[in-house]
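# Observations on the model geometry
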Amino acid sequence: MTAIEIRNLSKSFGAVRAVDDVSFTVEAGTVTGYLGPNGAGKTTTLRSLLGLVTPDAGEALVNGQRYASLDHPLNEVGAVLEATSFHPGRTARDHLRIMTTAAGLPASRPDEALEQVGLADAARKRVGGFSLGMRQRLALAGALLGQPKIFILDEPANGLDPAGIQWLRGFLRHLARDTGAAVLVSSHVLAEVEQTVDNVVIIAKGRLVRQGTLAELTGNGGGAVRVKTKDDFAPALRAAGAEVEEVEPGVLRVKGLDAEEIGRLALDQRVLLTEVIHERSDLQSVFLELTGEGAQA
Ligand SMILES: Nc1ncnc2c1ncn2[C@@H]1O[C@H](COP(=O)(O)OP(=O)(O)OP(=O)(O)O)[C@@H](O)[C@H]1O
């Protein structure tokens, strides 16, 4: 069964069409990045999945059902929403204990979940003193309590430092690969999720603009390098196993070698390169265009 299904979902707030006829699915064992600039409609979609927003049309289903009709929601879906608030005077463990008791989960779960997110040492600390990154980890621990197989995470990388983002990437991959979970993770920063996701859904102004596997959207991962040189460099590149196309006189489009390998080869061959440029993947260019950074790209 499809773990997460968004089918022709639409939602307006007054004159703003926050989500406009969006459809996509997330299968078990995969991570899907839900990407788009601020205000694109990501949060509205995720809140629809959690029954916090009532769609005007279409459906947002988890395990084939509406969230509200799940018998044991915490066992089926783990969610982290933006700006989760915590009682500042409560310790991390107490915060999770309250959730655990309310959901009738085993008393061992808070400590296990804190361990999983790397917060075991902070279990007895008051949340009021937590950094944003620690709060994000605590929110994730809350999502793990019921050991669900579906995760809906809204900008979970916000507030994490580079090491935290690295950790999050590994953790999401682990959830999908090792526990077979379906993970839907939103972000307005492509680079945050690019190394983690199997599939990408891009939304802008409420409309779905692109979806596919990461490989499809990045041109099968084989990014080309454009090289400018007045020298006869193509034979050496081909001999090194590259696929070379002369796109205009003096400009070669090289596939199969990265920029560093090409640079080394040029050095060996005493070839002068006047320009070496990584071609942007489709995904990057689409995303940069949408986020308005295309002009600087
Ligand atoms: N409760 C609401 N009332 C009025 N307008 C809303 C409401 N929720 C969202 N919107 C509007 O709907 C649009 C989509 O917002 P949404 O929060 O879903 O986008 P987003 O992609 O998650 O962006 P962000 O990352 O900034 O949260 C925005 O124009 C937003 O202002």
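All values derive from a computational prediction rather than experimental measurement.

The rules behind the values
- Residues numbered from 1 in each chain as written.
- Predicted model: local features only at pLDDT ≥ 70, side-chain atom pairs only at ≥ 80, totals over all residues.
- Helix = DSSP H or I, 4+ residues; strand = E, 2+ residues; numbered from the N terminus.
- Buried ≥ 20, exposed ≤ 12 C-beta atoms within 10 Å, placed from the backbone.
- Contact = placed C-beta atoms within 7 Å.
- Near = placed C-beta within 6 Å.
- Nonpolar A, V, L, I, M, F, W, Y, C, P; charged D, E, K, R; others polar.
- Pairing = 2+ DSSP bridges.
- Axes fitted to C-alpha atoms, helices over the stretch in contact; angles between N-to-C directions.
- Core = buried A, V, L, I, M, F, W, Y, C linked by C-beta atoms within 7 Å.
- Domains from an automatic or database assignment.
- Arc of directions from axis to C-beta.

This next bit is on the overall build of the protein. Along its length, the protein carries 11 helices and 13 strands. Counting only C-alpha atoms and orienting by the principal axes, one finds that the protein spans roughly 70 × 45 × 35 Å. Of all 297 residues assigned to the protein, the portion counted as buried reaches 38%. If you take every contact in the protein between residues at least 6 apart in sequence, the share linking residues at least 24 apart comes to 66%.

The next point concerns unusual backbone geometry. Positive phi values are uncommon outside glycine, yet Asp 21 reaches one of about 55°. Among the structural elements, Asp 21 can be located in strand S2 (residues 16-26).

Let us look at the site of the ligand. Neighbouring the ligand are the residues Phe 13, Val 16, Ala 18, Gly 36, Asn 38, Gly 39, Ala 40, Gly 41, Lys 42, Thr 43, Thr 44 and His 188. Looking at the shell around the ligand, the elements that each hand over two or more residues are S2 and helix H1 (42-49). Among the elements that make up the shell around the ligand, the one with the highest residue count is H1 (three residues). Split into classes, the residues belonging to the shell around the ligand amount to four nonpolar, seven polar and one charged.

Attention shifts here to the sheet that holds strand S7 (residues 182-187). Taken in spatial order, the six strands make up an open sheet running S5-S6-S7-S3-S8-S9, and their pairing is mixed. With one partner strand each, in any of the chains shown, strand S5 (77-80) and strand S9 (207-213) form the two edges of the open sheet. The average angle at which neighbouring strand axes cross in this sheet is 15°, direction not considered. Taken together, the five bridges between strand S3 (residues 31-35) and S7 define a ladder with parallel strand orientation. Paired with Val 31 across the two strands is Val 183, which belongs to S7.

Okay, the nonpolar core next. Counting 64 residues, the largest nonpolar core has Ala 141, Ile 150, Phe 151, Ile 152 and Val 183 as the members making the most contacts within it. Per-element accounting of this core gives the leading share, seven residues, to helix H5 (residues 132-144). Each residue touching Ile 152, except ones within four places of it in the same chain, is listed here: Leu 46, Leu 49, Leu 50, Val 77, Ala 79 and Leu 184. In terms of nonpolar packing, the next biggest core, distinct from the first, is built from 11 residues, Val 225, Val 227, Val 244 and Val 254 among them.

Pairing between the strands of a sheet is mediated by backbone hydrogen bonds and can be parallel or antiparallel. The three strands lie next to each other as S2-S1-S4, forming an open sheet whose pairing is antiparallel. Every other strand in the sheet has two partners, leaving S2 and strand S4 (57-62) as the edge strands with one partner each. Here the strands of the sheet are splayed against their neighbours by 25° on average, with no regard to which way each runs. For strand S1 (residues 4-13) and S2, the ladder comprises seven bridges, and the chain directions are antiparallel. Directly across from Ile 6, in S2, lies its bridge partner Phe 24. Each of S1, S2 and S4 is contacted by H1, which is oriented at about 120° to S1, the strand it contacts most.

Right, let's get into the domain arrangement of the protein. Under the domain assignment used here, the protein contains domain 1 (4-215) and domain 2 (225-278). Its C-alpha centre places domain 1 at a distance of 43 Å from the equivalent point of domain 2.

Attention now goes to the environment of Arg 238. On the secondary structure map, Arg 238 appears in helix H9 (residues 234-239). The spacing of Arg 238 and Gly 256 is 18 residues in sequence and 9.7 Å in space, taken between C-alpha atoms.

This brings us to helix H4 (residues 109-116). All of the buried residues in H4 are Arg 109, Pro 110, Ala 113 and Leu 114. All buried residues of H4 fall inside an arc of 130° around its axis, so they share one side. Packed against the buried residues of H4 are helix H3 (92-103) and H5. Phi turns positive, to about 75°, at Gly 118, one or two residues after H4.

Now for the pairing of S1. Judged from the five bridges that link them, S1 and S4 form a sheet pairing that is antiparallel. Across the sheet, Ser 10 pairs through a bridge with Ala 57, a residue of S4. In this structure, the hairpin formed by S1 and S2 is closed by a connection of two residues, where Gly 14 is found at a positive phi of approximately 60°.

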